[in-house]
Each structure stands twice: as structure tokens, then as C-alpha cells.
Amino acid sequence: MPAPRLRIRAIELYERPVRFVKPFRFGAVTVEAAPQAFVRALVAVEGQGEAWGATAEMMMPKWFDKRPDRSPADTVDGLRRSLVEAREGYLADSRLDTAFGHHAAFMPTMEPKLAAAFGPAQIDKAVLDGLLQVLGLNAFQGLGANVAGLDARLTADLGGFDLDDFLRNLSPLAEVELRHTVGLLDKPEDLAGHTHLHWFKIKLGGDVSADIKRLCELAAVLGEAVPGYRATLDGNEQYRDAAHVAELLDRIDATPALAGFRKALAYLEQPIAREAALARPLGAVAERVPVIIDESDDGYDAFPRARVMGYRGVSSKSCKGLYKAILNRARCMAWGPPHFISAEDLTCQAGLSVQQDTALVAFLGIPHAERNGHQYGEGFGSPNEADAFLAAHPGFYERRAEGTVRLATGSGRLPTAPLSGPGFAHSADPYWSGLSPLSNPTSALSEGVPP
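The notes below deal with the structure included here.

To continue, consider the overall build of the chain. Of the regular secondary structure elements, the chain holds 17 helices and 15 strands. Computed over the C-alpha atoms, the radius of gyration of the chain is 21 Å, within 12% of the 22 Å expected from 2.2 N^0.38 for a compact globule of 451 residues. When the backbone C-alpha atoms are referred to their principal axes, the chain occupies close to 65 × 50 × 50 Å. Scored against the burial criterion, the 451 residues of the chain give a buried share of 61%. Considering only residue pairs separated by 6 or more positions, the chain has 74% of its internal contacts joining residues 24 or more positions apart. Working note: accessible area of the chain is about 16,600 Å², and carbon and sulfur atoms make up 53% of it. Placing the 47 positive and 56 negative side-chain charges of the chain at their respective mean positions leaves the two points 2 Å apart.

Structure follows, in C-alpha cells:
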């Protein structure tokens, strides 16, 4: 059956501050607080009714936009501007169309492209949630039935690929294994308390000697505390080029203390700055370790371009767009091994953000996912909000001994059954009246774009 058509009748944008419980350093940036965006969208589904959908996502500074002349506050303002631009564009489209059709019709105008995609990515999640609420379907049922109407109009390379059959035959996972983030300021000895985990994601700083020294410290702790562990490395664009990456791999291979770590290493994430990452082939580096793109994944053409350069994978992050993640997963199926999609995190906070991203990961069949919001963020906005989410999603959250509600990480796995209510993993709401309207994106004025 054809996907249902809908109109987007209203979009509301909010935010609230999130104070981190410990500093999070990735690449050249240390973050101790950041605002979280919240989106509500009212969708009217042709002949079926209407409902409000919702989503949330962190507005992390200096990740979507790392231009040196932009301050951290400027880059967050750019994400606000992306949300405002997307709201205006989606609401200006009064046609009846599929959820994916509305997405495909909107063309962001701002730069950089990764930041420009943030606004539509959030609105798409809220629209999908509203659509699923009207249809009475959960995320796994609705995505599997392609109620969003995904097609190949934005991915010409998938023109002969049967997307409906692909989606129908995906088998959502009953649980997703946690991959624990080790930030550049996190202490190696702290890993000894994570014996319930199997996967670890380790941030790199771009100084080969310093990175090797730190990897030796981390590997010593992991080898003792978590026998049989697996790891990924995240360069966060801190390496100059493929030769610089090869130097790191040479040092790892030449260091006896890292022999076990080398065997545990699954892949290397975005080591080279986005401006240079896809300019030249990875060469021999691609034969030594699978390398994936993350920050370079700024459009539907990014993964095919990266593939030509020797990259074998791409990250799924709902902050970059759920439809792009699904279509990139389809590419991995169409292209076959060794191509793969990983699940990375940009501090998905407790509530809608981590729920929807985990549901997407489970639907795509990605067995493990970076999850770091629970260790860096404060959690919910209020005790009442926390209680509501705990009651609506039991097993996904737990009440700790001190009384706070947190992600249920004790088993090292997140169950997905608690995310299977109608809607996009959304059975409880944030405290909407306690949120602030999205701040005016003042940086738009200095860039010649109306606020």
C-alpha cells in the first residue's frame, strides 16, 4: 500500500540547559554544558486524524561546525538557526505528501551542511512520531512497513534497489549492547569499574606519542578488568591526513603492550578533518583497519564519495538524519561486505533523544551503540519528568539507590521492548511548560540570513 500522506500543521521549538556531571573532551573541545533542543510537530494524516509528535537532541558546540572563526556559542546558534530555517521551510510546504516527501522537498540554505541538516533531522523525527501516533504503530512496525514513504529520489545509486522489501525484512534487535565512551579527560583507572561492558570507544587527540601513551594505559586496565573486550577509536578529525594515521597505526603495531588492543580494535572513526578527509584516498590505511566517516557524513552523497576513497563504513546518528541513516544501511546491503554502518552518539540525553536513537539503531540491526549521555549528562529535567519516563519505559530506565532515574546500563545492554509503544519510541513527554522557547539565533544577522 502507498505510504500515507500528511500535512505539517504546526512546529514548536524549545530548549533547556544541560549541565554535565563531568567535562567531556572530544578532539580539541571540552564541553561542560550545552542546551538540548526539543521539537513538537502537529501532523494531520490524510483521512486518519492528527497528532503531536516530539523529539529532542543536544546542540553540541564545535561539532557540527568546527570553523576556527566560530566560537562555541556561535556554533550552537547555528543549530538554532538550522531549526528555525527548517521550521519555516516545512510549514511553508502545505502540500499533502509522505513524511519522507516533506523531508526531500526541503533544501537548507545555510552552511556548513552538517549543521544545516540538524534542523530538518529533528523535525523529521517529530513528524514521524506524529505519523506513527496517528496510525497506532510503533517505530519498528512503521519503519518496517515504510509508512514514511522512503524512496531513492535522494540516492540515485539505490535506484534499482527494492527499499520496501529491504525495510520489510529487517529484524529489529531485542537489545542493543552499550559501547562506553572514554573521553580525553576520563581516567584510565575508572574503566576498572565497567566489567559489565564489552565494547569501548576511545577518543584520540591527534598527537601520536600522547595517544600511544594513553592507549597503553587504557589497554592495561581493560586487559585486566574486561578480558575479551572490543574497542573502536574515534579520531574526531584530529589527524592531518592518511600518512599521519599510518604513523599512529605503525606505532600501535610496534608497541608490544598494545598487541591485545590491536586485536580488539574493530574500526577507526573519522580521524581526518572533514575538509581533507574525502580529498585523497586512504591508500594502505584502508587495508590495515576499517575506517568510517562521521563528521564527513554531511549529505546523501557523502558515503558513496567516501567509499571511493577507501572508507568502509558510516555512522548512524539521528542528529544527522534518520532517513539518511536508513538509506546508508540500505547501501551497505546493496554493496555487500566489507561495508557497514555503526551507531555513534552525540550525548543523547535521557528521554526522547536516547529512546529514539536506540530504536533506530535496533531497527537497523546494529548490535552495539555508543551511549554516553548517561555518564556526562544530568539526566531528566525534573524528578516528576523522570518518574513519568520510568513508568512509561520500565526496563529502559532504572531508579538508582540515591533515588535518581537513569538509563538502565547495569547489564551492559539496553532492551528495546520498552520502546515499542505507539509512536517513535515516545510514551512519555518532557515537562513542556518547563522548557524555554528556542532562543533567537542572533548569529543569523551577522551571516546575512534573516533570523
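After that view of the structure, there is still more to cover.
The step from Glu 111 to Pro 112 runs through a cis peptide bond, and the omega angle for that step is -5°. Tracing the backbone through its elements, the reader meets Pro 112 in the loop between α2 (99-105) and α3 (113-116). Across the junction of Pro 337 and Pro 338, the peptide omega takes the value 10°, indicating a cis bond. By secondary structure assignment, the location of Pro 338 is in the loop between α13 (322-335) and β10 (340-343). You will see that Thr 347, though not glycine, has its phi angle at about 50°, which is positive. Tracing the chain through its elements places Thr 347 in the loop between β10 and α14 (352-364). Positive phi, normally seen in glycine, also occurs at Ala 425, with a value near 50°. Secondary-structure assignment places Ala 425 in the loop between β14 (413-415) and β15 (436-437). Assessed through its relative accessible area of 1%, Ala 425 is described here as buried.

Let's shift gears to α14. With 13 residues, α14 ought to run about 18 Å at 1.5 Å a step, and its terminal C-alpha atoms sit 18 Å apart, in line with that. With 13 of 13 residues buried, α14 is to be regarded as a mostly interior element. Phi for Gly 365, located one or two positions after α14, is positive at around 75°.

Moving on, we come to helix α7 (residues 208-225). For α7, spanning 18 residues, the distance from its first C-alpha to its last is 25 Å, which sits close to the expected 26 Å at 1.5 Å a residue. When we look at burial in α7, the residues that qualify are Val 208, Asp 211, Ile 212, Arg 214, Leu 215, Leu 218, Ala 219, Val 221 and Leu 222. Against β4 (175-182), β5 (199-203), β6 (230-234), α8 (242-253) and α9 (259-264) lie the buried residues of α7. Its side-chain oxygen 3.2 Å from the backbone nitrogen of Ser 209, Asp 207 forms the N-cap of α7.

Counted by the stated rule, this structure contains 39 salt bridges. A salt bridge links Arg 274 to Glu 237, with the nearest nitrogen and oxygen atoms 2.9 Å apart. With Arg 274 in helix α10 (residues 274-277) and Glu 237 in the loop between β6 and α8, this residue pair connects regions lying 37 residues apart in the sequence. Each member of the pair, Arg 274 together with Glu 237, is buried. Among the ionic contacts, a cluster of salt bridges with common partners joins Arg 179, Lys 201, Lys 203, Asp 234, Glu 269, Glu 344 and Glu 370.

This part takes up the side chain of Glu 15. Mapped onto the secondary structure, Glu 15 falls in strand β1 (residues 6-26). Polar side-chain contacts of Glu 15 include one of 2.9 Å to the side chain of Arg 80. Those residues in contact with Glu 15 that lie beyond four places of it in its chain are Pro 35, Gln 36, Ala 37, Phe 38, Met 59, Arg 80, Leu 435, Ser 436, Pro 437, Leu 438 and Ser 439.

Rules of the game
Residues numbered from 1 in each chain as written. Predicted model: local features only at pLDDT ≥ 70, side-chain atom pairs only at ≥ 80, totals over all residues. Heavy atoms only, no water. Helix = DSSP H or I, 4+ residues; strand = E, 2+ residues; numbered from the N terminus. Rg over C-alpha atoms; globule rule 2.2 N^0.38 Å. Buried < 20%, exposed > 50% of the residue type's maximum accessible area, 1.4 Å probe, protein only. Contact = heavy atoms within 4.5 Å. Areas by Shrake-Rupley, 256 points an atom, 1.4 Å probe, with all protein chains shown as cover. Lys, Arg positive; Asp, Glu negative; His and termini not counted. Charge placed at Lys NZ, Arg CZ, Asp CG, Glu CD. Expected span 1.5 Å × (residues − 1). Polar contact = N/O pair within 3.5 Å; in protein donor to acceptor, adjacent residues only side chain to side chain. Salt bridge = Lys/Arg side-chain N within 4 Å of Asp/Glu carboxyl O.

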